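What follows is each chain in one-letter form.
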Amino acid sequence: MDELQDLYREVILDHNRNPRNFGELADATRVVAGVNPLCGDKMTLYVKLADGRIQDIRFQGTGCAISVASSSLMTERVKGAPVAAALELFDKIHELLTAPHAHEPSADLDKLAALGGVREYPSRVKCASLAWHALKSAVADDQAGSVTTE
Amino acid sequence: MIVATAERSATRLQRDFAALRKDFPALQQLIHGKPLAYLDNAASSQSPTAVHEAMALQQRLHHSNVHRGVHQLSERSTAAYEGAREKVRRFINASSTTEIVFTRGTTESINLVAASFGQRLRAGDEVLITWLEHHSNIVPWQLLCERTGARLVVSPIRDDGSLDGAAFEQLLNERTRIVALAHVSNALGTLNPVAELVAKAHAAGAVVLVDGAQAVPHLRVDMQDLDCDFYAFSGHKMFGPTGTGVLYGKRAHLETMPPYQGGGDMILTVSFERSTYNALPYKFEAGTPNITGVVGLGAAVDYLESIDFAAVDAHEHALLERATERVLAEIPGARIVGTAARKASVLSFVVDGIHAHDLGTIVDREGVAIRTGHHCAMPVMERFGVAATARASFALYNNHDDVDRLLAGLQRAVEIFRG
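Quick caveat, the model's predicted, so the values are computed rather than measured.

A.B. asks: Give me the overall build of chain A: which residues, what numbers.
C.D. replies: Helix and strand counts for chain A come out as 5 helices and 4 strands. Scanning chain A from its N terminus toward the C terminus, one meets helices and strands in the order α-α-β-β-β-α-α-α-β. Against the compact-globule benchmark of 15 Å for 150 residues, chain A has a radius of gyration of 14 Å, which places it among compact chains. By its C-alpha atoms, chain A is 45 × 30 × 30 Å across when sized along the principal axes. Sequence-distant contacts, at least 24 apart, represent 63% of the contacts inside chain A between residues at least 6 apart.

A.B. asks: Mind laying out the pairing of strand E9 (residues 230–234) of chain B, listing which residues take part and the relevant values?
C.D. replies: All names here are of chain B. With 5 of 5 residues buried, E9 lies mostly within the body of the structure. A two-sided burial pattern is seen for E9, the buried positions comprising Phe230, Ala232 and Ser234 on one face and Tyr231 and Phe233 on the other. Bridge count between strand E8 (residues 207–211) and E9: 3 bridges; the pairing is parallel. Note on E9: the bridge partner recorded for Asp211 is Ala232.

A.B. asks: Describe the interface of chain A and chain B, with residues and values.
C.D. replies: Facing the 15 residues of chain A at the interface are 14 residues of chain B. Per-class residue counts for the side of chain A that touches chain B are 9 nonpolar, 3 polar and 3 charged.

A.B. asks: How would you summarise unusual backbone geometry if you had to cite specific residues and measurements?
C.D. replies: All names here are of chain B. Omega for the peptide link from Leu280 to Pro281 comes to 0°, which places this bond in the cis form. With respect to the helices and strands, the residue Pro281 is situated in the loop between strand E12 (275–277) and helix H10 (291–305). For Asn93, which is not glycine, the phi dihedral falls at a positive 55°. Following the sequence through the fold, Asn93 ends up in the loop between helix H3 (72–92) and strand E4 (100–103). Take Asn93: there are 14 C-beta atoms within 10 Å of it, and that puts it in the partly exposed class.

A.B. asks: Give me the sheet that holds E8 of chain B: which residues, what numbers.
C.D. replies: Whenever strands of a sheet pair, they do so through backbone hydrogen bonds, lying parallel or antiparallel. Residue and element names in this part refer to chain B. A sheet is described by the order of its strands in space; here 7 strands give the open sequence E4-E10-E9-E8-E7-E5-E6, paired in mixed fashion. A strand with exactly one partner marks an edge of an open sheet, and here the two such strands are E4 and strand E6 (151–155). Sheet twist, expressed as the mean angle between neighbouring strand axes with direction ignored, is 20°. Relative to strand E10 (residues 245–249), helix H4 (residues 106–116) is tilted by about 35°, and along the sheet it contacts E4, E8, E9 and E10.

A.B. asks: Any details on H10 of chain B? Residues and values, ideally.
C.D. replies: Between the first and last C-alpha of H10 of chain B there are 21 Å, a value that for 15 residues agrees with the 21 Å anticipated at 1.5 Å per step. Across the 15 residues that make up H10 of chain B, a large majority, 13, are buried.

A.B. asks: Account for the domain arrangement of chain B, with residues named and values stated.
C.D. replies: Residue and element names in this part refer to chain B. With domains assigned, chain B is organised as domain 1 (10–31 + 307–418) and domain 2 (52–305). Taken together, the contact pairs 22 residues of domain 1 with 22 residues of domain 2. Put simply, the parts of the chain that give the side of domain 1 that touches domain 2 at least two residues each are helix H11 (309–330), strand E14 (346–351) and helix H13 (378–383). Take the side of domain 1 that touches domain 2: its biggest share by element is 4 residues, from H11.

A.B. asks: So, the environment of Leu73 of chain A: which residues are in play, and what are the values?
C.D. replies: Residue and element names in this part refer to chain A. Relative to the elements of secondary structure, Leu73 occurs in helix H3 (residues 65–78). Separated by 63 residues in sequence, Leu73 and Lys136 place their C-alpha atoms 15 Å apart. When sequence neighbours within four positions are dropped, the list of residues in contact with Leu73 reads His15, Lys111 and Leu112.

A.B. asks: Would you mind going over the packing of helix H4 (residues 83–98) of chain A against helix H5 (residues 125–140) of chain A in detail, with residue names and values included?
C.D. replies: All names here are of chain A. Across the interface, H4 lies against H5 with an axial gap of 10 Å and an inter-helix angle of 160°. On the basis of the axis angle, H4 is roughly antiparallel to H5. Classified by chirality, the crossing of H5 by H4 is left-handed. Counting all contacts with H4, which are made through Val83, Ala86, Leu87, Phe90, Ile93, Leu97 and Thr98, the residues of H5 involved are Val125, Ala128, Ser129, Trp132, Leu135, Lys136, Val139 and Ala140. Here the contact of H4 with H5 is composed, by residue class, of 12 nonpolar, 2 polar and 1 charged.

A.B. asks: Outline the confidence of the model for chain B, supporting the account with residue identities and numerical values.
C.D. replies: Residue and element names in this part refer to chain B. The predicted model of chain B has a mean per-residue pLDDT of 94, with 96% of residues at 70 or higher. Taken together, the stretch residues 1–8 has pLDDT below 50 and engages in 11 contacts with residues farther than four places along the chain or on a different chain. Interface confidence in the predicted complex, given as ipTM, is 0.90; pTM for the same model is 0.93.

A.B. asks: Run through helix H2 (residues 49–62) of chain B, naming residues and quoting values.
C.D. replies: Residue and element names in this part refer to chain B. Here H2 contains 14 residues, and its C-alpha end-to-end distance of 19 Å stays within 8% of the 20 Å for a straight helix at 1.5 Å per residue. For H2, the full list of buried residues reads Val51, Ala54, Met55, Gln58 and His62. Along the axis of H2, the buried residues cluster in a sector spanning 95°; they form a single face. Every exposed residue of H2 that faces more than 90 degrees away from the buried side is listed here: Glu53, Arg60 and Leu61.

A.B. asks: Give me the lowdown on the pairing of strand E2 (residues 41–50) of chain A, citing residues and values where you can.
C.D. replies: Residue and element names in this part refer to chain A. Two strands pair when backbone bridges link them, and strand E1 (residues 30–36) and E2 are joined in this way by 7 bridges, in the antiparallel orientation. Paired with Gly34 across the bridge in E2 is Met43. With 9 bridges joining them, E2 and strand E3 (residues 53–62) adopt antiparallel strand pairing. Considered in E3, the bridge of Val47 is made with Ile57.

A.B. asks: Just give me the short version of the nonpolar core, but keep the residues and values in it.
C.D. replies: Ranked by internal contacts, the top residues of the largest apolar core, which has 165 residues, are Leu45 and Leu135 of chain A. Mapping this core onto the domain boundaries places at least three of its residues in each of domain 1 (10–31 + 307–418) and domain 2 (52–305) of chain B. Excluding residues within four positions of it along the chain, Leu45 of chain A makes contact with Val32, Gly34, Phe59, Ala131, Ala134, Leu135 and Ala138 of chain A.

Calculation notes
- Residues numbered from 1 in each chain as written.
- Chains lettered and ligands numbered in written order.
- Predicted model: local features only at pLDDT ≥ 70, side-chain atom pairs only at ≥ 80, totals over all residues.
- Helix = DSSP H or I, 4+ residues; strand = E, 2+ residues; numbered from the N terminus.
- Rg over C-alpha atoms; globule rule 2.2 N^0.38 Å.
- Contact = placed C-beta atoms within 7 Å.
- Buried ≥ 20, exposed ≤ 12 C-beta atoms within 10 Å, placed from the backbone.
- Pairing = 2+ DSSP bridges.
- Nonpolar A, V, L, I, M, F, W, Y, C, P; charged D, E, K, R; others polar.
- Axes fitted to C-alpha atoms, helices over the stretch in contact; angles between N-to-C directions.
- Expected span 1.5 Å × (residues − 1).
- Domains from an automatic or database assignment.
- Parallel < 35°, antiparallel > 145°, perpendicular 65-115°, else oblique.
- Left-handed = near helix turned anticlockwise from the far one by under 90°.
- pLDDT = per-residue confidence, 0-100.
- Arc of directions from axis to C-beta.
- Core = buried A, V, L, I, M, F, W, Y, C linked by C-beta atoms within 7 Å.

If you want it as structure tokens, here you go:
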């Protein structure tokens, strides 16, 4: 497998072509705008929180395949999850994308491990991390707000 | 090296440009195991060996401060620095070296005019820019308008990316104090009819600043022909080093403008009560300048002066036309953004279903360097309803192989995304 195929794995291409949970969420309790100033990509994350759980989650916006797939994979994974679990997942993804030494991604990341392909592409790490920063902001903060990758 | 002649055959041209490519060591390297096809010249161009050597010599043997020492090294540095000013003057056909101010780049040149000349603006005055501008020719004017209560007015463009001349004329009025416009659009390549626009702005009583960053590496620019009041450009887009730039300003304006920054070299006398300012252009060059960089810029001007611009124009347009035709014919879902009749060698495009960033990453693995994103021109992107484009921009050292390589890279992207 060459490096490009490692970046653009089938699961990434699939989620880019057919993003899951795409669109507005009318009864969201948190709305976070995410911006990647480097490329002008924008995404809005809608989260409905209740009883310490992510009851529903959707996203909207434009971006590259990595950014769209990351958002789609994330929403698929955390929908229905407790907030604490989502925050734990944030830390694991953060490590996957940025840890100085590559290591086997933990098995529980499952499909999300595909995002690790960006490690070889420093300028693209932010594309993968934007959605996750938006998630963290949405579930950890009391207020809705905005995040950037800078 | 290219020598100006009236007639030359296409083959001759090809051979000359092939020889010239050897002057650029950066082009001789492999990227991801493949020869570099450098097509990001609108962002920054590679520099020839002559520039590197001039800078190395300055740094190795002549290093010292300018305009102050009586010792030999300072005299050499001053001669080299001021020599570069004369080269720039001749290159753009300014009347006098007093009209050539060295800056960090186009951005600083524009900020200088906005901060200094801008002090005479009042509430109700207008600054007219165009929809084509780079952020560096928008934000300094926005800041000025916030400070003074002046109004920023934007002249619209047509669907092909050309300036709507009739609308421009309508927007000019007795309140228009400054017109700021790009000579060549960095995002689309549109070439503005600057001399004509300057004449119209002058008739309305406005002064004109031209952002020439994208024009100087491709066209002969002549301050007497253009008759603009200010002209700003950068060294690193014309085969010189980063951190160097030029502000040309008509002497009558520069003389009446207050200093931009205070410091050494820009004063005649300093006391705690009051200081008096140095003569032009030193009034606008506070502190120790980028001496080595300016020496490199001078060498870049020498390099450009040795080249026949008409041949460069023909060569770059041949590459642009071929790349445009092939992208449209061979890449399914490709659309060119910016199709004005008069363009410099910029090819901005989008491909259905493949984001520009993904195109950029994939062609990079094939050794092809292009720019992807909003090109510091978000309003232009908005105007065309795209978040980002891929941009291939050609310089005199590019060739048909580079175009072939770009197409091969784009084909690879299509394979990956469409299976």
